[in-house]
Amino acid sequence: IILAKERIEVVEPEKKMIKFRVLEGDIMKEFKSFVITIQVTPKQGGSGSIVRWHFDYEKIDENVSHPETLLPFFAEMIKKIDEHLLSEE
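Residues numbered from 1 in each chain as written. Predicted model: local features only at pLDDT ≥ 70, side-chain atom pairs only at ≥ 80, totals over all residues. Heavy atoms only, no water.

Trainee: Whenever I open this one, the pattern of salt bridges confuses me. Can you help?
Mentor: Side chains that carry opposite charge are capable of pairing whenever their charged atoms lie near each other. By the definition in use, this model includes 5 salt bridges. Across the pair E12 and K15 runs a salt bridge, and its minimum N-O distance is 3.4 Å. Judged by relative accessible area, which is 47%, K15 ranks as partly exposed. Here E58 and K32 are joined by a salt bridge, their closest N and O atoms 3.6 Å apart. One end of the pair, E58, is in strand β4 (residues 49-59); the other, K32, is in strand β3 (residues 31-42), with 26 residues separating them in the sequence. Judged by relative accessible area, K32 falls into the exposed class, the value being 51%. Counted as one network, the salt bridges with shared partners bring together R7, E9 and R21. (Salt bridge = Lys/Arg side-chain N within 4 Å of Asp/Glu carboxyl O. Buried < 20%, exposed > 50% of the residue type's maximum accessible area, 1.4 Å probe, protein only. Helix = DSSP H or I, 4+ residues; strand = E, 2+ residues; numbered from the N terminus.)

Shown next as structure tokens:
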């Protein structure tokens, strides 16, 4: 489990985009800053959407690995979001 406290910085419904900054928690032990942008683009001619995640970060020092180690956490979060959205249909 990764704990994090975030603040939503930008919500642009027309672009289907949200940006939030991690303020506290496990991630901030290794990064000076960590900003996540999520944008959803509906698929043309089909059901579903394409979701793009962009991570903008600054490591505390060069010994910190890049955040691909966090991908399993984000993959699990995406599955839970998907399950929630599908349960509302």
